Amino acid sequence: MELKPIIEVKNLHFSYKKHPVLAGINLELYKGEVVSLLGPNGCGKSTLIKLILKLLHGEGTILLNDKSIKKHSHKEIASLIAYIPQYNNTPFNYSVLEMVLMGRVSKLGFFALPSAHDYEIAHAALKKIGIEHLLDKAFGQLSGGQKQMVLLARAIAQEVNIFIMDEPVAGLDYGNQIRLLELIHELSKQGYTFLKTTHYPDHALLVSSRVIVMNDGKIIAAETPHKVVTKEMILDVYSINVDIITHDLHQRCVPIFQKNN
Amino acid sequence: MSKQTKYLLQGLAFLLAVAILSLLWGQYPISFATFSDYLQFKIFSSGAINAQTFSLIDNIILEIRLPRVLLAILIGSALATSGAVFQAMFVNPLVSPGILGVLAGASFGAACGMLLSENWLVVQIMAFVFGFVAVAFALFIGSMVTNSRSSVLLVLGGVISGSLFTSLLSIVKYVADPYSTLPAIVYWLMGSLSMAQLNEVFFVGTPILMSIIAMIFMSKYFDLLSLGDEEAKALGVNVTLIRIVAILLATLASSLSVVMAGIIGWVGLIIPHIVRMVVGPSHRLLIPLSAIVGAAFLLLADAISRLALSVEIPIGILTSLIGIPIFIIVLKNARAAWN
């Protein structure tokens, strides 16, 4: 039986003020995958994510469960995909529980307020991520890593299967970066599907079932990590030299200074 | 009992206490004992009160004080709720119906309405339309300079919009009949709850009350909108629809408050800040509690305006006098609540 993609992007174009950002993107996302979008700044990774979430409008076709996203309302999209943006501060400093409860709003009627059931789900989501002790803390006072965890808990409270993350480890310290990647790995084993952008080839090797490399608004490679993250690709896209070494059966990307020796 | 329910019940108990005190305070003070005797007689038609005193108190309470108390509750909560909603909609804790120019626009609209027609409905519609024009104009000016959301520019836009409609209002005053219409307009604009009559309170109060209730039940969306449009959309919110409906409701409630009681400033700005300092920024609690606290605040301000001097101080003047020092105190702490 041939698998059907849950997200299918066909010949997608997008321009910002007549400046082309994406040119002819084709992409498929299957259930259970962890797909890393890799590429230099300004290659169109974040734009692609926003187009899939219908936060921007481009030319081409984006199918979500075989239905064009143009025909999906934001409420319908939110019942299928959770978006985990790069953390930011709101002018109003909500508590962690309130932030997680916001994931429930797409399930509620226009004039309805969250019920005891919604609170239960929010609590369960915090527990699943292992941060129920942060419940009453103010979101603005958390560390970058904790904020990402809260946004992940909110995504879980949304009760969807697909998580789209925009540079989830940006601004996190080394420990939190690795902890977050491990959490993504754990959640993917539980059946969640991930599409995430990243700046780190090494992270793409660490937690991905597939890596998509973008440059200049085009997809230049989409394959399993070890086929895509190569010396040649990194030199081509980032203009730096690396070694790909194997450690414990896993591959790692090690940068080499240009003026070495 | 959840923390939210507790806060709401405490707020309601406080409001009820202030409302009862407002029924008792006045030129003819009524004691607690007399009031409970009166209530007993009113409900059971028997008790330790004679028929003459009963009819006197009945008259004072039902004809004079109750409409005024109801009006103060209605207008205090309308202004505070719309203030909280405007702050949420523009993700800007510095705005209020007064600062966005809504009150000035509505007063210009209402004054035109009074000039053109005797019909209350015309006055109300004119107030609402120009209240909305004023906020739209403030937004237009705020967004003219830059595309990004700027707190300061929106406030500036509101100030400009407010002065435009204040100037236009001066023209209306200038052409108004100096012996009848002009004094009426001037006195009404200073703000007063004294004209309250029960049937008027119900007539204008119904749309105000309905918009307050609608804003309370939409409050979950305000949390999401304050995260920014993209995140709100990704969480499933129809951002444009919610924003338009919320701005219309907040404008309706605050414009109609102008029709009923003139320009009462500062309530819409300070009450949401005070409430946010106590219970945090979640709009699901902030909006209903602002409605309650705004009502209690205006009741107290009205009591002071009636009792402080032998003549009644216009309540709009009083809320400014009380509001300014409170805002100065609140401002520093308020910053912490919204980073």
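Keep in mind that what you see is a predicted model, and the values were worked out from it rather than measured. Note on numbering: residues in each chain are counted from 1, in written sequence order. Chains carry letters from A onward and ligands carry numbers from 1 onward, assigned in written order. With the structure being a predicted model, the display of local features is reserved for residues of pLDDT at least 70 and the display and counting of side-chain atom pairs for 80 or more, all residues being used for whole-chain, interface and lining totals.

## Topic: the overall build of chain A
Then comes step 1: The helix and strand labels rest on DSSP assignments: H or I over at least four residues marks a helix, E over at least two residues marks a strand, and numbering proceeds from the N terminus. Helix and strand content of chain A: 9 helices and 12 strands.
Then comes step 2: Overall, the C-alpha framework of chain A stretches about 60 × 45 × 40 Å when taken along its three principal axes.
Then comes step 3: Buried residues in chain A amount to 42% of all 261 residues.
Then comes step 4: In this description, a residue-residue contact is defined by the distance between C-beta atoms placed from the backbone, which must lie within 7 Å. For chain A, the proportion of contacts with a sequence separation of at least 24, taken over those separated by at least 6, is 64%. Each residue is classed by its C-beta neighbour count within 10 Å, where at least 20 other C-beta atoms makes it buried, 12 or fewer makes it exposed, and intermediate counts make it partly exposed; the C-beta atoms are placed from backbone geometry.

## Points about the packing of helix α4 (residues 102–116) of chain B against helix α5 (residues 120–145) of chain B
The relative placement of two packed helices comes down to the angle between their axes together with the axis-to-axis distance.
Residue and element names in this part refer to chain B.
Then comes step 1: Throughout, an axis means a line fitted to C-alpha atoms (over the contacting stretch in the case of helices), and angles, computed between N-to-C directions, take values from 0 to 180 degrees. Two numbers describe how α4 lies on α5: the axes approach to 7 Å, and their chain directions differ by 150 degrees. For α4 against α5, the interelement crossing comes out right-handed. Where α4 approaches α5, its residues V102, A104, G105, A106, F108, G109, A110, C112, G113, M114 and L116 are matched on the opposing element by V122, V123, M126, A127, V129, F130, G131, V133, A134 and V135.
Then comes step 2: The residue makeup of the contact of α4 with α5, split by class, is 17 nonpolar, 4 polar and no charged. In this scheme, a crossing is called left-handed if the near helix is turned counterclockwise away from the far one by less than a right angle; it is called right-handed if the turn is clockwise. Nonpolar residues are Ala, Val, Leu, Ile, Met, Phe, Trp, Tyr, Cys and Pro. Charged residues are Asp, Glu, Lys and Arg, and all others, Gly as well, are polar.

## Considering the sheet that holds strand β2 (residues 19–29) of chain A
Residues and elements named next belong to chain A.
Then comes step 1: Spatial ordering of the open sheet is given by β2-β1-β4-β5, a layout of 4 strands whose pairing is antiparallel. Edge positions in the sheet fall to β2 and β5 (67–68), since each of these pairs with one other strand and no more.
Then comes step 2: Note on pairing: two strands pair once DSSP finds at least 2 bridges between them. Examined bridge by bridge, strand β1 (residues 7–16) and strand β4 (residues 59–64) share 5 bridges and lie antiparallel to one another. Among the inter-strand pairings, H13 is bridged to a residue of β4, identified as E59.
Then comes step 3: Each of β1, β2 and β4 touches helix α1 (residues 45–52); the most contacted strand, β1, lies at about 120 degrees to it.

## Thoughts on the interface of chain A and chain B
Then comes step 1: Opposite the 25 residues of chain A that make contact, chain B presents 25 residues.
Then comes step 2: Ranked by residue count, the leading element in the side of chain A that touches chain B is helix α2 (residues 74–78) of chain A, at 3 residues.
Then comes step 3: Grouping the amino acids of the side of chain A that touches chain B by side-chain chemistry returns 14 nonpolar, 9 polar and 2 charged.

## Quick word on the pairing of β2 of chain A
All names here are of chain A.
Then comes step 1: Both β1 and β2 contribute to a ladder of 7 bridges, which runs antiparallel. Across the sheet, residue I7 finds its bridge partner in β2, namely L29.
Then comes step 2: Between β1 and β2, which pair antiparallel and follow one another directly, the connecting turn spans 2 residues, one of which, K17, has a positive phi of 50 degrees.

## A word on helix α6 (residues 174–189) of chain A
Residue and element names in this part refer to chain A.
Then comes step 1: Given a helix with a known number of residues, its expected span is that number minus one, times 1.5 Å. For α6, spanning 16 residues, the distance from its first C-alpha to its last is 23 Å, which sits close to the expected 22 Å at 1.5 Å a residue.
Then comes step 2: Here α6 has its buried residues at Q177, L180, L181 and I184. Buried positions in α6, seen along its axis, are confined to an arc of 100 degrees and lie on one side of it. Residues of α6 that are exposed and angled more than 90 degrees away from the buried face: G175, E182 and K189.
Then comes step 3: Close packing links the buried residues of α6 with β3 (34–38), α5 (144–157), β8 (193–198) and α7 (201–206).
Then comes step 4: At the exit of α6 stands G191, carrying a positive phi of roughly 105 degrees. By arc we mean the arc of the directions from the helix axis to the C-beta atoms, nothing more.

## As for the nonpolar core
One broad trend across soluble globular proteins is that nonpolar side chains are buried collectively.
Then comes step 1: Note on terminology: a nonpolar core is a set of buried residues of type Ala, Val, Leu, Ile, Met, Phe, Trp, Tyr or Cys, with members joined through C-beta atoms within 7 Å. One finds V100, A153 and I164 of chain A together with I75, V85 and A127 of chain B to be the most contacted residues of the largest nonpolar core, which totals 185 residues.
Then comes step 2: The greatest single-element share of this core, amounting to 16 residues, is contributed by helix α3 (residues 51–89) of chain B.
Then comes step 3: Those residues in contact with A153 of chain A that sit more than four places away from it in its chain are V100, A125, L126, I129 and I131 of chain A.

## With respect to the packing of helix α8 (residues 198–217) of chain B against helix α13 (residues 283–307) of chain B
All names here are of chain B.
Then comes step 1: In the contact formed by α8 and α13, the axes pass within 8 Å of each other and the chain directions differ by 150 degrees. Between α8 and α13, the crossing angle belongs to the class labelled roughly antiparallel. Of α13, the residues touching α8 (which contributes I212, M215 and I216) are I287, P288 and A291.
Then comes step 2: Tallied by class, residues from the contact of α8 with α13 come to 6 nonpolar, no polar and no charged. The labels follow the angle: roughly parallel below 35 degrees, roughly antiparallel above 145, roughly perpendicular from 65 to 115, and oblique for the rest.

## Points about the domain arrangement of chain A
Residues and elements named next belong to chain A.
Then comes step 1: For every domain, the bounds stem from an assignment made automatically or drawn from a database. For chain A, the domain assignment lists domain 1 (1–74 + 161–261) and domain 2 (81–159).
Then comes step 2: The distance between the C-alpha centroids of domain 1 and domain 2 comes to 25 Å.
Then comes step 3: Domain 1 puts 16 residues into the contact, and the matching count from domain 2 is 12 residues.
Then comes step 4: Of all the elements in the fold, those that place two or more residues in the side of domain 1 that touches domain 2 are β7 (162–165) and α6.
Then comes step 5: Of the residues assigned to the side of domain 1 that touches domain 2, the class counts are 10 nonpolar, 2 polar and 4 charged.

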